Amino acid sequence: MNKNMITGSKLWSIAMITSLLAACSSPATTSTTANAATSTTGTTKTVSVSEQTSVKYADLVSLDADDTNISWSEADSTAIKLNGTTATVTGSGAKAANGSVTITEAGTYVLSGELTDGQIVVNVADKGTVHLVLNGATIHDNDSAAIYIQKAGKAVITLEKGTKNTVSDGKTYVYADATTDEPDAAIFSKADLTFNGAGQLTITGNYNEGITSKDDLKIISGNISVKATDDGIKGKDMVAIQAGTITIEAEGDGIKSTNDTDTTKGFVAIAGGTFDIQSGNDGIQAETALVTDGGTYNIVTAGGSANAPAKVEEGPFGGGGGGWGGGTPPTDMGTPPDGEPPADMPEMPNNSGTNAGANTNGATSSSANTTATTNTDTNVDADTAATATESTSAKALKAGTDLTVNGGTYTIDSMDDSLHSNNNVTVNDGTFNIESGDDGIHADQELTINGGTITIAKSYEGLEGAIITLNDGDVDVTASDDGVNAAGGETETAANTATSTDRATTATDAATTSNISVTETTGTTSTTDQTSQGTATTQQGRGPGGMGAASNNEFHINGGTLTVNAGGDGLDSNGSINMTGGTVIVNGPTDNGNGALDYDGTFEISGGYLVAAGSSGMAQGTSDASTQNAIVMTFPATQKAGTLVHVQDSEGNNILTFAPAKDYQTVVVSSPDLKKDGSYVIYSGGTSTGKAVDRLYTDGTYSGGTKVVAFQSTSNVTWVNESGVTTANTGMGGPGGGRGQGGFGGGRNRSQSGTTSDRTGTTDSSK
C-alpha cells in the first residue's frame, strides 16, 4: 500500500526531506542523521470471543418431526386438483372459490394440476401444522402471492419425489389499501415455513421476492430453483438449510435473514447442499451470524469481480497519492516547531472508506386509490429499503456479527468482499477459490484461519481484519494492493474510524450481538532524538517510519502456509506481527512506495520459515527482539522475476533457494537453520534440480549461480548488501495501513474512479 504522507506547505524542513529521500533511494547504507525514533508502550488489546466463533449448524437449528415428515396417504389427506382458474377439493379443511383455494384446518393437502391465475391461502386459526404436498403442481397468481400462508403454527411444503412443480406471481400486485405491503413474494408465509422432499420446485418472483417467511425458514431437502426481481430466499428469524440443491438468480440478495431486533435470531445456518447463486447484491447475507458446515457453493455477485469499480489510493487532500516513496516532495517545507506539526498544517480530512454507488433497489410504490392499491415490481420491503447514501453491497458471504465456515467447497466471483463480517470471521476448514473485486476475506474485528485451502486468485486486498491469526491451513493470496492487512477495528480511535455503509446495516453493537468481550488499554507514545547508526530502533521502527504510535492491530502466524503475491505491501500491520510457526512466502511489491513487510510496531519471529522478496525503498526485516535469526539482503540492482536467490551456510547446507514471482531487490529470509554467528554465502541466478513448491525449492542441488557476497552474521537480524554486513534500512516507513483511517497512524483512503493505477503484479501462471 502506498503510504501518502501528510504534506503541508510548511510541514517539514528541506533538510529533513533530503535525508529521508536519500535513505529511501540508498537502502542498506549507514545513516548518521539524527532521527526522531518513535517507541510505543502499552498493553496489547485482548478480545475474548464466545463459543459463537466455533458454532455449528446443530448449535443453532433444531428440527421437529414435522420438519422432516414427507409421508402422506390418500386416506389421511385432502386432495386439491387444480384446473385452469378453478380447483376441485376432495376431503375436508379446504374450499375452492373465485379461482383460489383457502385452507382453514391443520392437516395434509396434496396439490396437483395447474392453476393459471389463483392463490393457495392457508388461514388456520388454531395454529396447527399445515402440510402441503406439491405433487406435480403449477400455481400462478397474476396480482399476488401464489402461495400465501396467512396464519398457521407451521407450514411444511413437501416436494414429492419424481415430480416437477412451479410457483410464480405477476409483476403487479393489488392490495386492499395503500398501507398494505404484504404479501410480496411468490411464496409468502407469516408463519414458520419448511421445505422438504425429493422433488423439484421452480419459483419465479416477478414482483419482488421468491420465497419469504416472516418467521423461521428451513430447507431440509429438495431441488429448488428461484428467480426473483429482488431477494431469492428470505427468512426473518432464521434461514436454516440442511441439504438440497438450490439455484438462485436474484437481482437483490440470494439468501438472507433480516431480524435485527433479537440478537439470537436473524442468522443463516447451512449444514450442506449444493448452491448456485447469481445475485445483484449479496450472495448469502445474515443479519447476525452466518454459519456453514459444508456444501458446494458457486456464487457470483453483481456480475463478478470484473464489475468492481476501480480503486484509487487517494492522498490526504484527494487525488492519487504517490507518497514520498515514488512521488515528488513539496518544495516549500519551512521549519516546523520542535516535536510538533506546523500550525498551518491542514487538518486531516475524514474519510468514509465506502464504495461509491447508489442502491439499486427501488422504493416502495403506492397509489392514492382508496379501494385497491396496485404495486409494480419496483417494490422493496421495509427490511431492505436503503437510504440514498448507502452503497450497494455485493458480497458473497456476509454476516452482521460472526461468520463461521466449518467446511465446504466455495467458488466465488464477487464484485465486493468475498467473505465479510461486521465482527469476526473464523475459517475452520473448507476449500475456497476466490476472485474478489475488493477484499478476499474481511473481518471488522478478528479474522482467524484454523484450516482449509484458500486460494484468493484476485483481490484488492487479500486478508483484512483488526486482528488476523493464521493457525493452520494453506492460504494463497494475490492482491493488487496489500496481501494481508491488519488494520481498523476496535483498535482505532473513534475520530479515525471510517464510515462503512455495510457496518451501518447492523444497528446493534457488534460486541453485544456476538457476545464479544473487549478489554483494551491505551498505550503511551514517547519520542526521543537518537543518532541513527543502524540500531534496533531504526530497524524496527524503520527510522522515522510510521510517523506515530503503532496501533494494537496484530497479525499472528502460528502455523499453516501463506503465499502472497501483492501489488502493495505483502504483509501489512498497523500494529505488530508475531510468527511462531508455519511457512510464509511473499512476492512483491515492485514499487518503492510499498514493502514486502510493513509493520508499525514489531515483527517478532520465534519459529517457522519466512521469505519475503520485494522492492527496497520501504524494506523492513524482522525485529531484533526476535528469537529466530534472519537475513535481509539488498541487491545492488533490481533482479528479474524468476531469478533464483540462493543462501547457503559455510558447509554448503541450503538455507534458501527461491525464484520470486516478481521483480525484487530486497529479500528477507528467516529460518530455524540460521545462526546468529554463522557464515553464509548469497548467490544470484543459477538453477536447481529440486522441486519447487510456491517457487521455493526445498531439495535438489543448486548450481551455476553468481556469488554476490559472503559474510558472517553479527546479530539475530543481519542486513547485508553486495559489500557485506551493513546497517538496517532507514527508509521512510510511511503511515500505517488501514481502511480509510486518518492521521499519521492512518491508512487507506480508498475511493472509486473510472481509472485505476497499474498496481497489479504479474503472477507466474506455471505456479
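What counts, and at which threshold
Residues numbered from 1 in each chain as written. Predicted model: local features only at pLDDT ≥ 70, side-chain atom pairs only at ≥ 80, totals over all residues. Heavy atoms only, no water. Helix = DSSP H or I, 4+ residues; strand = E, 2+ residues; numbered from the N terminus. Buried < 20%, exposed > 50% of the residue type's maximum accessible area, 1.4 Å probe, protein only. Contact = heavy atoms within 4.5 Å. Areas by Shrake-Rupley, 256 points an atom, 1.4 Å probe, with all protein chains shown as cover. Pairing = 2+ DSSP bridges. Salt bridge = Lys/Arg side-chain N within 4 Å of Asp/Glu carboxyl O. Phe/Tyr/Trp six-rings, centres within 6.5 Å; stacked < 30°, edge-to-face > 60°. Polar contact = N/O pair within 3.5 Å; in protein donor to acceptor, adjacent residues only side chain to side chain. pLDDT = per-residue confidence, 0-100.

**Observations concerning the overall build of the protein chain**
At step 1: Counting its secondary structure elements, the protein chain contains 7 helices and 66 strands.
At step 2: Counting only residues that meet the buried cut, the protein chain has 57% of its 767 residues in that class.
At step 3: Partitioning the intrachain contacts of the protein chain with sequence separation of at least 6 by distance along the chain shows that 63% fall at a separation of at least 24.
At step 4: Per element, the accessible surface of the protein chain, about 27700 Å² overall, is 47% carbon and sulfur.

**Quick look at the pairing of strand β40 (residues 461-465)**
At step 1: In terms of residue burial, β40 counts as a mostly covered element, since 5 of its 5 residues are buried.
At step 2: Bridge count between β40 and strand β43 (residues 484-486): 3 bridges; the pairing is parallel. The partner of Glu 464 across the bridge, within β43, is Asn 485.

**Some remarks on the pattern of salt bridges**
At step 1: Summed over all chains, the structure comprises 11 salt bridges.
At step 2: For Lys 214, the salt bridge identified is with Glu 182, shortest N-O distance 3.2 Å. A residue pair is termed long-range when its members are at least 10 positions apart, and Lys 214 in the loop between β17 (209-213) and β18 (216-219) and Glu 182 in the loop between β13 (173-175) and β14 (185-189) qualify at 32 residues.
At step 3: The class for Lys 214 is partly exposed, based on a relative accessible area of 25%.
At step 4: In this structure, Asp 282 engages Lys 398 in a salt bridge whose closest nitrogen and oxygen atoms are separated by 3.5 Å. In this pair, Asp 282 sits in the loop between β25 (274-279) and β26 (284-286) while Lys 398 sits in strand β31 (residues 397-399), placing the two residues 116 residues apart along the sequence. As far as burial versus exposure is concerned, Asp 282 and Lys 398 are alike and both buried.

**Overview of the packing of aromatic side chains**
At step 1: Applying the stated criterion across every chain, the model contains 10 aromatic pairs.
At step 2: Measuring from ring centre to ring centre gives 4.5 Å for Tyr 297 and Tyr 410, while their planes differ by 5°; the resulting arrangement is stacked. With Tyr 297 in strand β28 (residues 296-301) and Tyr 410 in strand β33 (residues 409-414), this residue pair connects regions lying 113 residues apart in the sequence. Take Tyr 297 and Tyr 410: they sit in the same class, and that class is buried.
At step 3: On the numbers, 6.0 Å between centres and 85° between planes, the contact of Tyr 599 with Phe 603 is edge-to-face.

**Quick notes on the environment of Lys 171**
At step 1: Along the chain, Lys 171 turns up in the loop between β12 (164-169) and β13.
At step 2: Of the residues examined, Lys 171 reaches a relative accessible area of 55% and is grouped as exposed.

**Section: the side chain of Asn 406**
At step 1: Note that Asn 406 resides in the loop between β32 (402-405) and β33.
At step 2: Exposure remark for Asn 406: the relative accessible area of 13% places this residue in the buried category.
At step 3: Of note is the side chain of Asn 406, whose polar atom sits 2.8 Å from the side chain of Asn 428.
At step 4: Residues in contact with Asn 406, not counting those within four places in the same chain, are Val 55, Lys 56, Val 291, Thr 292, Asp 293, Asn 428 and Asp 429.

**Some details on the confidence of the model for the protein chain**
Residues shown with low pLDDT carry predicted positions that ought not to be read at fine detail.
At step 1: In this model, the protein chain carries an average pLDDT of 79, and 70% of its residues clear a pLDDT of 70 or more.
At step 2: Considering only residues more than four positions removed or in separate chains, one finds that residues 314-374, a stretch of pLDDT under 50, has 144 contacts.

**Concerning the pairing of strand β54 (residues 630-639)**
At step 1: Counting buried residues in β54 gives 7 out of 10 residues, a clear majority hidden from the surface.
At step 2: Where β54 and strand β57 (residues 664-670) come together, 6 bridges link them in antiparallel fashion. Each residue of the ladder has a partner; that of Ala 630, found in β57, is Ser 670.
At step 3: Sheet topology places β54 next to strand β64 (residues 717-721); 4 bridges connect them, and they run parallel. Residue pairing across strands places Met 633 opposite Val 720, the latter belonging to β64.

**Structural notes on the environment of Thr 78**
At step 1: The residue Thr 78 is located in strand β3 (residues 78-84) in this model.
At step 2: Judged by its relative accessible area of 6%, Thr 78 is buried.
At step 3: For the pair Thr 78 and Gly 93, spaced 15 residues apart in sequence, the C-alpha separation works out to 7.6 Å.
At step 4: Once residues within four sequence positions are removed from consideration, Thr 78 is found in contact with Val 89, Thr 90, Gly 91, Ser 92, Thr 108, Tyr 109 and Val 110.

**Regarding the side chain of Ser 670**
At step 1: Here Ser 670 shows up in strand β57.
At step 2: Using a relative accessible area of 0% as the deciding quantity, one classes Ser 670 as buried.
At step 3: Within the structure, Ser 670 has its side chain in polar contact with the backbone oxygen of Asn 629 (distance 2.8 Å).
At step 4: Other than its neighbours up to four places away in sequence, Ser 670 contacts Ile 605, Gly 608, Tyr 609, Leu 610, Gln 628, Asn 629 and Ala 630.

**Some words on the environment of Val 156**
At step 1: Assignment of secondary structure puts Val 156 in strand β11 (residues 154-159).
At step 2: A residue is classified by how much of its surface remains accessible, and Val 156, at 1% relative accessible area, is buried.
At step 3: Residues Val 156 and Asn 69, spaced 87 residues apart in sequence, show a C-alpha to C-alpha distance of 8.5 Å.
At step 4: When residues no more than four places from it in sequence are discounted, the contact partners of Val 156 are Asp 66, Asn 69, Thr 129, Val 130, His 131, Leu 132, Thr 194 and Asn 196.

**Regarding unusual backbone geometry**
At step 1: Backbone torsion omega between Glu 182 and Pro 183 reads 0°, so that peptide bond is classified as cis.
At step 2: Structurally, Pro 183 can be placed in the loop between β13 and β14.
At step 3: Located in the positive-phi region is Lys 127, a residue other than glycine, with phi close to 60°.
At step 4: With respect to the element layout, Lys 127 can be found in the loop between β8 (120-123) and β9 (129-141).
At step 5: The exposure class assigned to Lys 127 is exposed, which follows from its relative accessible area of 52%.

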